[in-house]
Amino acid sequence: MSELFVLIDERARLVTAVLAVSEWPEREQAQLTHAVHPHAKQTRHFLAPFASHAAVRSVNQMLAAGVPLAALFSAALRASWPDFVPQEAPPQEVPTSWLADLADFAQQTAVASHYWPQHDALWQEALGDLRAIFTSHLLPGFLARASGQPFRQTIHVLPNLLYPYLSSVLAETSAALYLLPPLPKAVGESPPWPYREGPDGTLAEATMQLLSHSLQNTLAVMEPAQRQLILHAAVTLFLAEALGEADAMAYLVRIKRQFKLPTLPIVVEQARAWLAAGKSIIG
């Protein structure tokens, strides 16, 4: 069975730093006006002199071309640290030359060797929060039961205090999946909450992303509404196992109203019955 680890990966963290001085923050603000973590502001200020670095210019070009963030993170995570020598082929949308640019960015900015050690307490706090949230290690087993197939890739959950802010990223190598969940969104335009303030949302996002990946072939042939019902039903059932029925019911009621899914309670009970019978959530 797959294992789950919560850790800081310097390769992924470097990509979040490159995003901080790219056009990505403006893209997110155009999508939804929001405040970010104070550390994100500090990092953008620290790295501002490197906004024209080749690694950043390439990211802006890839963003303009529609390259997904998952491809950028996957490329970095398939390379070694700190020289970013490819250990596996990067996604085809990402040029190998960008990895050399990342290595140069790390060296020129000294963000990993000089800047982040000064802010280590913030990252350790986020790391501790996520470890407390995922302490039960129930998720890999649930994913295997819900998908009806072994879940063999190791899962790495990585704290993210920078970017993206509005969405999570699920990156992939041959051996592992890397999930960067967003910090819980605060009310209005206030800075985000720490992870510990939203364990239900963080677990829900992890379940949604990882199960979508595991069932991608099956879900691809379904109607969007059916996919949405199945995935939200699965999240509801996992929250019941991880946090209890009260949190699961709160999620169900909120999602049912938010996405106008009146049949969600019925789908949840059907999926519950299938899991109890040793079947996947889709029967």
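Owing to the predicted nature of the structure, the values given are computational and were not obtained by experimental measurement. (Residues numbered from 1 in each chain as written. Predicted model: local features only at pLDDT ≥ 70, side-chain atom pairs only at ≥ 80, totals over all residues. Heavy atoms only, no water.)

## A closer look at the layout of surface pockets
By rolling a water-sized probe across the atoms, one finds the places where empty space is left.
Right, so step 1: The space that makes up the largest pocket amounts to roughly 750 Å³.
Right, so step 2: Along the wall of the largest pocket there are 32 residues; nearest its centre are K185, G201, E205, R254 and Q258.
Right, so step 3: Elements that contribute at least two residues to the lining of the largest pocket include exactly α10 (199-214) and α13 (245-258).
Right, so step 4: Top contributing element to the lining of the largest pocket by residue count: α10, with 7 residues.
Right, so step 5: Across the lining of the largest pocket, the residue classes tally to 14 nonpolar, 12 polar and 6 charged.
Right, so step 6: One number sums up the size of the second largest pocket: a volume of about 210 Å³.
Right, so step 7: Taken together, the elements giving at least two residues each to the lining of the second largest pocket come down to α5 (69-77), β3 (169-172) and α10.
Right, so step 8: Looking at the lining of the second largest pocket element by element, the count peaks at 4 residues for α10.
Right, so step 9: Considering only residue class, the lining of the second largest pocket consists of 7 nonpolar, 5 polar and 2 charged. (1 Å grid on protein atoms, 1.4 Å probe; cavity = no way out; pocket = protein on both sides within 12 Å on 5 of 7 lines; lining within 4 Å. Points joined across faces, edges and corners; volume = space filled by probe spheres on them. Helix = DSSP H or I, 4+ residues; strand = E, 2+ residues; numbered from the N terminus. Nonpolar A, V, L, I, M, F, W, Y, C, P; charged D, E, K, R; others polar.)

## Description of the sheet that holds β3
Right, so step 1: With mixed pairing, the 4 strands of this open sheet are ordered in space as β1-β2-β4-β3. Looking at the sheet topology across the chains shown, the edges are occupied by β1 (4-6) and β3. In this sheet, adjacent strand axes meet at a mean angle of 20° when their direction is disregarded.
Right, so step 2: Taken together, the 4 bridges between strand β2 (residues 154-157) and strand β4 (residues 176-180) define a ladder with parallel strand orientation. If you follow H156 over to β4, its bridge partner there is Y178. (Pairing = 2+ DSSP bridges. Axes fitted to C-alpha atoms, helices over the stretch in contact; angles between N-to-C directions.)

None of the figures reported here should be taken as evidence of function without further support.
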